[in-house]
Every structure is written in C-alpha cells, then in structure tokens.
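Take a look at the letters that make up each chain.
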Amino acid sequence: MKKRILVFSTLIATFSLSAFGYWKWKNGDPNLSESEPKTEVNYKESTAKKANDFEFQYNVDHRFLSTITKEELNQANSVPDIIPMENRAPIFSYSNIDFNTYYDDDQPQTKTKGKDERLNQAQLDLIQSMDYTTTFYIAGDILRKDKNSDDLIEDTLICYMSVVPENPVSYKSGQEALISYLQKGSKEVIARADDTKLKPGKISFVVTKEGTIDHVRLTHTSGYTGIDEKMEELIWAIPGEWNIATDARGVKVDQELTFFFGLIGC
C-alpha cells in the first residue's frame, strides 16, 4: 500500500484555515514564523505600490474554518465524533492518534496520545477541559479508501479545529459594518504598503461575556510594524455592541475571534 499525506483542505478568502490541509505536519507549523523580520513603513520616502494596486484583505472570524461546539466535544467518544462529517466516510481505520491544543504564539501546548479511533481517558479529559477560546488539532495514521478504487491507502490525518459556542458571538451592526470600520480606520496606514513585502497578518482577541474587547494580541505580523500596531489599536477601539455568545444553556460566555488582514494566508 502506498503511503501518502492525507489532506482535505479548503482555503477560502475568509483566511480561516480549514480542518484539513496539505502539508507535512511533522515537518513544521503551517503558519509563518514570528521570527521573520518586520518591515517598517516609511510614509515619506516609500515608493511602494499604492493600496489600490493590490487587494488588502480584511476578515474577522474564528481561527479555523472547521469548528465544533463545546456540547459536541462533551459528547464525543471517538475521533469520528469530532472531525467534520464530510471527511469521515473515506476513512477505514485510525491509529496513533494525537490530540494537541494549538496556539499561534508561544503558549505551551497540551498533548495526548491514543491507539485508535476510541478516545482514551487522557484525551477525554483534554477535550472536556477546552473552552471557547481553544483551538486544537488531531493527527495520526489512517487507512482510507481510494476514491477511484476499493484499495485501502495508508495516509496521515491532520485536522485543525476551533471550539465555538452553541450560539456564537456576532457584531450587532453586522459583519460588513465591522469590516468597513477596519478598512476606513487603516486606509492611511496601508496606503504605501508593498504587496511583495506584505504577509498574512493575524490578531486574536476575545469578546467577553460583558461585551467588551480583551486579550488583543498580534499572533502573526503583516510584515509592517506600523500596520500591525494600527490594526491592534482599531481592534481595541471597535465601536458599537456585540450579540454575546452563549452556551447550550443560554449562559453568556467569552469567545475568541481572529482578525485576518493583509494577504491571504493560513
């Protein structure tokens, strides 16, 4: 049987990373390195392209495209209970399954190992401890059916997911109004950014159960410190109100969101 890396990925303009992606997970993180040098914007001397020469992207969403609620995690007993429904059917068996919390910065990760698709006690304890600011990934070996035959193929599974409330947070004035605020507020600072130096920027923040913004942190630079700083400032100062996230019982909870800006990226 042929060994391949199994990847089911959908990278969309929302910037959110899908549950499944095409990369060798053992060889590195899908994100850009925080150690990459940043580029200062010199507004008086820069000869870079104007903003309208390329599309500067904006989006606010959960960190990964594939999501699972806390209630669904609490009821899960196996890997198929967690991974997206559309990706379960081709998989015949699971082995050497790791569950790992995932962070964009240097926060310590929690890792657990299992033998097969059934979750052991350590894995159950981990997923049941997750809250609405948690992201995680599942990795391991699988046998799956080839889409063009009945052959079984050895593959490697990796699945990135965000934990979300049963009733997620939303901006009361609407997503378009939120993006418009971010675009208008950053129009001047991005005016001379060069798309050859621009990177996929990310800022995570929490909308608290009181409706305030907290824990704003840059997790990936856009390549320009001036742009990064302006975007952080805008996130802290978001006007208006939020529809607060609630759990399955209707209790208000904090929820983490990610602001993606600059170029499209993972």
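Our subject is the structure listed above.
Each value, and the rule that gives it
- Residues numbered from 1 in each chain as written.
- Predicted model: local features only at pLDDT ≥ 70, side-chain atom pairs only at ≥ 80, totals over all residues.
- Heavy atoms only, no water.
- Helix = DSSP H or I, 4+ residues; strand = E, 2+ residues; numbered from the N terminus.
- Buried < 20%, exposed > 50% of the residue type's maximum accessible area, 1.4 Å probe, protein only.
- Patch = residues over 30% accessible without salt bridge, like charges linked within 9 Å, V, L, I, M, F, W, Y side chains within 5 Å.
- Areas by Shrake-Rupley, 256 points an atom, 1.4 Å probe, with all protein chains shown as cover.
- Salt bridge = Lys/Arg side-chain N within 4 Å of Asp/Glu carboxyl O.
- Lys, Arg positive; Asp, Glu negative; His and termini not counted.
- Charge placed at Lys NZ, Arg CZ, Asp CG, Glu CD.
- Phe/Tyr/Trp six-rings, centres within 6.5 Å; stacked < 30°, edge-to-face > 60°.
- Pairing = 2+ DSSP bridges.
- Axes fitted to C-alpha atoms, helices over the stretch in contact; angles between N-to-C directions.
- Contact = heavy atoms within 4.5 Å.
- 1 Å grid on protein atoms, 1.4 Å probe; cavity = no way out; pocket = protein on both sides within 12 Å on 5 of 7 lines; lining within 4 Å.
- Points joined across faces, edges and corners; volume = space filled by probe spheres on them.
- Nonpolar A, V, L, I, M, F, W, Y, C, P; charged D, E, K, R; others polar.
- Core = buried A, V, L, I, M, F, W, Y, C linked by side-chain atoms within 4.5 Å.

Draft legend 1. Structural context of unusual backbone geometry. Even without being glycine, N96 reaches a positive phi, approximately 55°. Of note, N96 is situated in strand 4 (residues 91-102). N96 sits in the partly exposed class, given a relative accessible area of 48%.

Draft legend 2. Quick peek at a negative patch on the surface. On the surface, D131, E210, D214 and D254 cluster together into a negatively charged patch. Of note, D214 is situated in strand 10 (residues 213-220). The class of D214 is partly exposed, set by a relative accessible area of 31%.

Draft legend 3. Layout of the packing of aromatic side chains. What the rule picks out here adds up to 11 aromatic pairs. With 5.2 Å between their ring centres and 50° between their planes, F64 and Y160 make a pair best called tilted. Pair noted here: F64 is in the loop between strand 2 (57-61) and strand 3 (67-69) and Y160 is in strand 7 (residues 152-164), with a separation of 96 residues, a long-range link. Aromatic side chains Y102 and Y137 sit 6.3 Å apart centroid to centroid with 75° between the ring planes, which places their arrangement in the edge-to-face category. With a gap of 35 residues between them, Y102 in strand 4 and Y137 in strand 6 (residues 135-145) connect regions that are remote in the sequence. Classification of Y102 by relative accessible area gives buried; the value is 1%. Ring pairs connect the aromatic residues F56, Y58, F259 and F261, which therefore count as one cluster.

Draft legend 4. Seen up close, the sheet that holds strand 9 (residues 200-207). On the basis of which strands lie adjacent, the open sheet formed by 4 strands has the order 2-12-9-10 and antiparallel pairing. Edge positions in the sheet fall to strand 2 and strand 10, since each of these pairs with one other strand and no more. Geometrically, the sheet is characterised by an average inter-axis angle of 15° between neighbouring strands, direction not taken into account. Here 8 bridges tie strand 9 to strand 12 (residues 255-262), and the two strands are oriented antiparallel to one another. Looking at strand 12, one finds that V207 is bridged to Q255. Of the strands in this sheet, strand 2, strand 9, strand 10 and strand 12 touch helix 4 (residues 225-236), which is tilted by about 160° from strand 10.

Draft legend 5. Representation of the pattern of salt bridges within the structure. Under the criterion given, the structure shown has 6 salt bridges. Measuring nitrogen to oxygen at the nearest pair gives 2.2 Å for the salt bridge that ties R144 to D155. Taken together, the residues R144 in strand 6 and D155 in strand 7 connect sequence positions 11 residues apart. The burial state of R144 is the same as that of D155; both residues are buried.

Draft legend 6. Structural view of the pairing of strand 9. For strand 9, a buried count of 8 out of 8 residues is recorded, marking the element as mostly surrounded by other parts of the structure. Of the two faces of strand 9, both are covered, the one formed by P200, K202, S204 and V206 as well as the one formed by G201, I203, F205 and V207. Pairing of strand 9 with strand 10, which is carried by 5 bridges, proceeds in the antiparallel orientation. The residue of strand 10 that forms the bridge with K202 is H220. What sits between the antiparallel neighbours strand 9 and strand 10 is a turn of 5 residues, in which G211 has the positive phi angle 85°.

Draft legend 7. Structural detail: the environment of K70. Within the secondary structure, K70 sits in helix 1 (residues 70-75). We classify K70 as buried; its relative accessible area is 14%. When the C-alpha positions of K70 and T134 are compared, they lie 10.0 Å apart, and in sequence the two are 64 residues distant. Sequence-distant contacts of K70, that is, excluding residues within four places in its chain, are made with I127, Q128, S129, M130, Y132, V163, V164 and E166.

Draft legend 8. Here's a closer look at the layout of surface pockets. Taken as a whole, the second largest pocket holds about 150 Å³ of empty space. Every residue lining the second largest pocket is listed: V60, D61, H62, P168, V169, S170, Y171, Q175, L178, W242, Q255 and L257. Residue assignment for the lining of the second largest pocket shows that the elements contributing at least two residues are strand 2, strand 8 (170-171), helix 3 (175-186) and strand 12. A breakdown of the residues in the lining of the second largest pocket according to their chemical character gives 7 nonpolar, 4 polar and 1 charged.

Draft legend 9. A look at the nonpolar core. In this structure, I82, F205 and W242 are the most contacted members of the largest nonpolar core, which totals 54 residues. In this structure, W242 is in contact with V169, S170, Y171, K172, L178, F205, V207, G211, I213 and L257, ignoring residues within four places of it in sequence. Membership of the second largest hydrophobic core comes to 6 residues, among which are F64, Y102, Y137 and Y160.

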